Amino acid sequence: RKEVEQDPGPFNVPEGATVAFNCTYSNSASQSFFWYRQDCRKEPKLLMSVYSSGNEDGRFTAQLNRASQYISLLIRDSKLSDSATYLCVVTLYSSASKIIFGSGTRLSIRP
Amino acid sequence: ETGVTQTPRHLVMGMTNKKSLKCEQHLGHNAMYWYKQSAKKPLELMFVYNFKEQTENNSVPSRFSPECPNSSHLFLHLHTLQPEDSALYLCASSQELGRNTIYFGEGSWLTVV
């Protein structure tokens, strides 16, 4: 089982729609969680951190479910500019701290 | 504006060439990373440095040789590469090893011919 798993997509949704995707992680000791966005042929950029109580940043809402070991990202009122690959990132603090990237979920917003 | 800068942005090299990729971070971070991203594939962690010391080598072939002279600079020396090594090479840094937000440079596009 992969340490971090994401549905690769693509998710193809119309502009204005709400879209959500999940990311599951295997290690219950994981401690920090992030969503990154990567545009085609660009570097990944931090979209938002994911806090235990859930957090919102404009049209984006991130949730953490420790019991089921997944995080989610919800995008409301999607824009064409939201088209990108969304990467889930989990960090694990242990004797060898690790930052683990998911393989990404591709999102395409159509007019 | 990015706190992590990589040069060159694009590099074409022959299989017998020796070249280097350079990364510099202006964020005062202690951990630096090299990642490889091949076309339509996920990020692959190559090397990790913490306070200039290598802490992880993710089974990377010896034709890739990293160097970290100080906490702000990271190099990736390339020698006798193969065409399948053509990829986007991303440098990144974080305040502490594996503990904080990781910031990426814009990457170096490498083509091996």
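Here is a short report on the structure shown in this document. What you see is a predicted model; the values in this text were computed from it and never measured.

### Quick notes on the pattern of salt bridges
Summed over the entire model, instances satisfying the criterion amount to seven salt bridges over all chains. Put simply, K45 of chain A and E43 of chain A hold a salt bridge, and the shortest N to O gap is 4.0 Å. Here E43 of chain A falls in the buried class, since its relative accessible area comes to 6%. The residue E106 of chain B makes a salt bridge to R9 of chain B at a minimum N-O spacing of 3.4 Å. Of the two residues, E106 of chain B is situated in the loop between β10 (103–104) and β11 (108–112) and R9 of chain B in the loop between β1 (4–7) and β2 (10–13); the sequence distance between them amounts to 97 residues. Taking the relative accessible area as the measure of exposure, E106 of chain B reaches 34% and is therefore partly exposed.

### What to know about the packing of aromatic side chains
Considering all chains together, one arrives at 11 aromatic pairs over all chains under this definition. Aromatic pair Y36 of chain A and F104 of chain B: ring centres 6.2 Å apart, planes at 85°, arrangement edge-to-face. Of this pair, Y36 of chain A sits in strand β4 (residues 30–38) while F104 of chain B is found in strand β10, placing the two residues in two different chains. The residues Y36 of chain A and F104 of chain B share a single accessibility class, namely buried. Taking the centre distance of 5.5 Å and the plane angle of 75° together, the rings of F101 of chain A and Y35 of chain B count as edge-to-face. Placement of the pair is F101 of chain A in strand β10 (residues 98–101) and Y35 of chain B in strand β4 (residues 31–37), with the two residues belonging to separate chains. Y35 of chain B matches F101 of chain A in its accessibility class, with the two residues each being buried. In textbook terms, an aromatic cluster arises when at least three aromatic residues are bridged by ring pairs, as seen for Y36 and F101 of chain A together with Y33, Y35 and F104 of chain B. In this structure, R41 of chain A is placed above the aromatic ring of W109 of chain B, and the distance from its NZ or CZ to the ring centre is 4.1 Å.

### Some thoughts on a nonpolar patch on the surface
Taken together, the side chains of L46 of chain A together with L27 and Y103 of chain B present a nonpolar region at the surface, about 240 Å² in accessible area. Relative to the helices and strands, Y103 of chain B is located in strand β10.

### What to know about the nonpolar core
Residues and elements named next belong to chain A. Core analysis: the biggest nonpolar cluster contains 24 residues, and F21, W35, I71, L73, I75, Y86 and L107 have the highest contact counts within it. Elements that contribute at least two residues to this core include exactly β3 (19–25), β4, β5 (45–50), β7 (60–65), β8 (70–75), β9 (84–92) and β11 (105–110). Leave out the neighbours within four places in its chain, and F21 touches F11, W35, I71, S72, L73, I75, Y86, T105 and L107.

### Topic: unusual backbone geometry
With omega at 5°, the peptide bond leading from G9 of chain A into P10 of chain A counts as cis. Inspection of the secondary structure puts P10 of chain A in the loop between β1 (4–6) and β2 (11–14). Note that the residue after T7 of chain B, namely P8 of chain B, is joined by a cis bond; omega there is -10°. Along the chain, P8 of chain B turns up in the loop between β1 and β2. Phi at F51 of chain B takes a positive value of approximately 50°, unusual for a residue other than glycine. Residue class for F51 of chain B comes out partly exposed when judged on its relative accessible area of 49%. Of note in the backbone geometry, K52 of chain B takes a positive phi value of approximately 75° without being a glycine. Mapped onto the fold, K52 of chain B is located in the loop between β5 (44–50) and β6 (53–57). Classification of K52 of chain B as partly exposed rests on a relative accessible area of 40%.

Rules behind the numbers
- Residues numbered from 1 in each chain as written.
- Chains lettered and ligands numbered in written order.
- Predicted model: local features only at pLDDT ≥ 70, side-chain atom pairs only at ≥ 80, totals over all residues.
- Heavy atoms only, no water.
- Salt bridge = Lys/Arg side-chain N within 4 Å of Asp/Glu carboxyl O.
- Buried < 20%, exposed > 50% of the residue type's maximum accessible area, 1.4 Å probe, protein only.
- Helix = DSSP H or I, 4+ residues; strand = E, 2+ residues; numbered from the N terminus.
- Phe/Tyr/Trp six-rings, centres within 6.5 Å; stacked < 30°, edge-to-face > 60°.
- Lys NZ or Arg CZ within 6 Å of the ring centre and 35° of its normal.
- Patch = residues over 30% accessible without salt bridge, like charges linked within 9 Å, V, L, I, M, F, W, Y side chains within 5 Å.
- Areas by Shrake-Rupley, 256 points an atom, 1.4 Å probe, with all protein chains shown as cover.
- Core = buried A, V, L, I, M, F, W, Y, C linked by side-chain atoms within 4.5 Å.
- Contact = heavy atoms within 4.5 Å.

Treat this as a map of the structure, not an account of what it does.
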